[in-house]
Amino acid sequence: MNWKLAARAAKMNPSVIREILKVTERPGIISLAGGLPSPDTFPIDAFAEACAEVLRKDGRSALQYAASEGYGPLREAVAAMLPWPVDPAQVLITTGSQQGLDLLAKVLIDPGSRVLVETPTYLGALQAFAPMEPHPVSVDSDDQGVIVADLIAKARAGDAPRFVYLLPNFQNPTGRTMSEERRVAVSQAAAEIGLPIVEDNPYGDLWFDNPPPLPLTARHPEGCIYLGSFSKVLAPGLRLGFMVAPKALFPKLLQAKQAADLHSPGFNQRMVFEVMKDGFLDRHVPTIRALYKRQRDAMLASLQREMQGLGVEYNRPAGGMFLWLRLPEGMDAVSLLPAAVERNIAFVPGVPFYAGESDARTLRLSFVTASVEQIDVAITALAAAIRHRLAEDHAADVQRQLAGSAA
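Per chain, residues are indexed from 1 in the order of the written sequence. Since the coordinates come from a predicted model, pLDDT governs what is reported: local features require at least 70, and pairs of side-chain atoms require 80 or more to be given and counted, while whole-chain, interface and lining totals use all residues. Excluding hydrogens and water, the side-chain values take into account all heavy atoms of the structure.

## Points about the nonpolar core
Among the nonpolar cores identified, the biggest contains 50 residues, and Tyr-292, Met-299, Met-307, Leu-336, Phe-347, Leu-365 and Ile-386 are the most heavily contacted of them. The secondary structure listing takes helices from DSSP runs of H or I that are at least 4 residues long and strands from runs of E that are at least 2 residues long, numbered from the N terminus. Within the residue set of this core, elements represented by two or more residues are helix H11 (280-306), strand S12 (322-326), helix H12 (333-342), strand S13 (345-346), strand S15 (362-366) and helix H13 (372-406). A total of eight residues in this core trace back to one element, the largest contributor, which is H13. With residues up to four places along the chain from it excluded, the contact list for Met-299 reads Leu-32, Leu-323, Leu-365, Ser-366, Phe-367, Ile-375 and Ile-379. In these notes, a set of buried Ala, Val, Leu, Ile, Met, Phe, Trp, Tyr and Cys residues joined through side-chain atoms within 4.5 Å is what counts as a nonpolar core. Here's how the labels work: a residue is buried when its accessible area is under 20% of the maximum for its type, exposed when over 50%, partly exposed in between, all with a 1.4 Å probe on protein chains only. In terms of nonpolar packing, the next biggest core, distinct from the first, is built from 31 residues, Ala-77, Ala-79, Leu-82 and Phe-267 among them. Contact between two residues is taken to exist if any of their heavy atoms lie within 4.5 Å; hydrogens are not considered.

This is the structure in structure tokens:
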């Protein structure tokens, strides 16, 4: 049988991170690669109680088909927990926030449409957009996110972009956070040039010392679509996220949702609502923050000790799950990975996170699934791999110099 694939199928590629995670299944590997929440944070007892309660109160409805928009009380709870006035009718419950990206792509992107993204940006968003065949445009960015002058220039450089995709809080992959001043400037610029914003905020509750500034969507709700997730504060296996969309756009997103899967699991939605309803997140999320802060601090301490004098640069994320590291000049993270795996450590090279020209020296480290002790062992091993590569490069330089002298 000759199966003829749709042209868009050629745009679908395997997740680099998922492929690397296969390596981490090898015994002894310490993975700093995956963007997985720590399973130690999953509130298993709370869900056991919620499961029994949902089945006891209304098991037949919980196990039946349901409204595509989502479970009404959960939509109301989402609207109430956001820091700006939100009509629950604008809340769409999605099968993970990743589905929200897929729905947006289907509704907003035509082949060749320009879509602006940060440099670097979330790989999963690039994958979600790719089947709709956009033209992704990378906007110059610094440690506070997109640079406003380049955002305006790129928005005006051709056909009007369909939107700019931003992760202002503890961004994946870099861990950076957009400052209040930058948020004001980005919001004003986008409003003035009529550029819609897609704001993705799966990590915003995972701050360590101070909460991040007000979301971009709160500043201009009609010009933004907001994505959130229960994966990082409850459990990713539930596959529940949500989207807040302007009323003019909501019906089309709902139609795309209906075509995709009819509705997100109604039983899971009711369980999440049951867990949330008595202020559980206010008690639970601080325990996640405390755990992740300890692990971030452990990684920073190990990096400070092990990377001195190696020419390695790294940031200090104020929340979230990731740290961004830049290798010494001339080194390539992709080629370093096998040497790291030989020392039983895995990371994610930075190259796949770039929509345009990439920085081969960058890599992403996750600090939330490994223990403090494992983080110390892993960073020591990573530093050893870097030293070994630097020594090899130095030896090769010496050999070339000797060969040149002999000639």
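## A few points about the packing of helix H3 (residues 72-81) against helix H10 (residues 266-276)
For helices, the fitted axis covers only the stretch in contact; all axes are lines through C-alpha atoms, and the angles between them, taken along N-to-C directions, range from 0 to 180 degrees. Taken N-terminus to C-terminus, the directions of H3 and H10 make an angle of 50°; their axes are 9 Å apart at the nearest point. Taken as axis vectors, H3 and H10 run oblique relative to one another. Between H3 and H10 lies a crossing of left-handed hand. Judged by residue contacts, Pro-73, Leu-74, Ala-77 and Met-81 of H3 engage Gln-269, Val-272, Phe-273 and Met-276 from H10. Three residue categories are used. Nonpolar comprises Ala, Val, Leu, Ile, Met, Phe, Trp, Tyr, Cys and Pro, charged comprises Asp, Glu, Lys and Arg, and polar comprises the others, including Gly. Of the residues assigned to the contact of H3 with H10, the class counts are seven nonpolar, one polar and no charged. Throughout this description, any angle smaller than 35 degrees is read as roughly parallel, any larger than 145 degrees as roughly antiparallel, any in the 65 to 115 degree range as roughly perpendicular, and the remainder as oblique. Helix crossings are classified by the rotation of the near helix relative to the far one: an anticlockwise turn of less than a right angle makes the crossing left-handed, while a clockwise turn makes it right-handed.

## A word on the pairing of strand S3 (residues 114-117)
Of the two faces of S3, the one holding Arg-114 and Leu-116 and the one holding Val-115 and Val-117 are both buried throughout. In this scheme, strands are said to pair when DSSP sees at least two bridges between them. In this sheet, strand S4 (residues 135-138) lies alongside S3 in parallel orientation, the contact comprising four bridges. Within S4, the position partnered with Val-117 by the bridge is Ser-138. The definition of a right-handed crossover adopted here requires that, viewed with the strands pointing away, the path from the first strand over the helix to the second runs clockwise. For the handedness criterion, the β-α-β arrangement of S3, helix H5 (residues 123-129) and S4 is classed as right-handed. Pairing between S3 and strand S7 (residues 163-166): three bridges, direction parallel. Its bridge partner lying in S7, Val-117 is registered against Tyr-165.

## Regarding the sheet that holds strand S14 (residues 348-349)
Sheet architecture is open: four strands sit in the order S11-S12-S15-S14, paired in antiparallel fashion. Of all the strands in the sheet, just strand S11 (313-314) and S14 have a single pairing partner and so form its edges. Examined bridge by bridge, S11 and S12 share two bridges and lie antiparallel to one another. Looking across to S12, one finds that Glu-313 is bridged to Arg-326. With respect to the sheet, H11 is in contact with S11, S12 and S15, its orientation differing from that of S12 by roughly 15°.

## A few points about the sheet that holds S7
Read across the open sheet, the seven strands follow the order S2-S10-S9-S8-S7-S3-S4; overall the sheet is mixed. Two strands lie at the open edges of the sheet, namely strand S2 (91-94) and S4, each paired on one side alone. On average, adjacent strands in this sheet sit at an angle of 20° to one another, irrespective of strand direction. Bridge count for S7 against strand S8 (residues 197-200) is three bridges, and the pairing is parallel. When the bridges of S8 are listed, Leu-166 appears paired with Glu-199. Sheet strands in contact with helix H9 (residues 250-261) are S2 and strand S10 (241-244), and its direction is about 20° off that of S2.

## Side note on the environment of Gly-228
Structurally, the position occupied by Gly-228 is in strand S9 (residues 224-229). Residues Gly-228 and Ala-50, 178 residues apart in the sequence, show an inter-C-alpha distance of 22 Å. Those residues in contact with Gly-228 that lie beyond four places of it in its chain are Ser-97, Asn-201, Gly-241 and Phe-242.

## Points about helix H2 (residues 44-62)
Multiplying 1.5 Å by the residue count of a helix minus one yields the expected span of that helix. Counted at 1.5 Å a residue, the expected span for H2 with its 19 residues is 27 Å, but the 19 Å between its end C-alpha atoms falls short. Of the residues making up H2, those classed as buried are Phe-47, Ala-50, Val-54, Gly-59 and Ala-62. Of the surrounding secondary structure, the elements contacted by the buried residues of H2 are H10.

## Regarding unusual backbone geometry
Omega for the bond connecting Thr-119 with Pro-120 falls within 30 degrees of zero, at -10°, which places this linkage in the cis form. With respect to the helices, strands and loops of the structure, Pro-120 is situated in the loop between S3 and H5. A cis amide bond, omega 25°, links Asn-172 with the succeeding residue Pro-173. On the secondary structure map, Pro-173 appears in the loop between S7 and helix H7 (180-193). With a phi angle near 50°, Arg-239 is a residue other than glycine that sits in the positive phi range. With respect to the element layout, Arg-239 can be found in the loop between S9 and S10. Look at Leu-262: it is not a glycine, yet its phi comes out positive at around 70°. Looking at the secondary structure, you find Leu-262 in the loop between H9 and H10. Judged by its relative accessible area of 44%, Leu-262 falls in the partly exposed class.

Keep in mind these values describe shape, not function.
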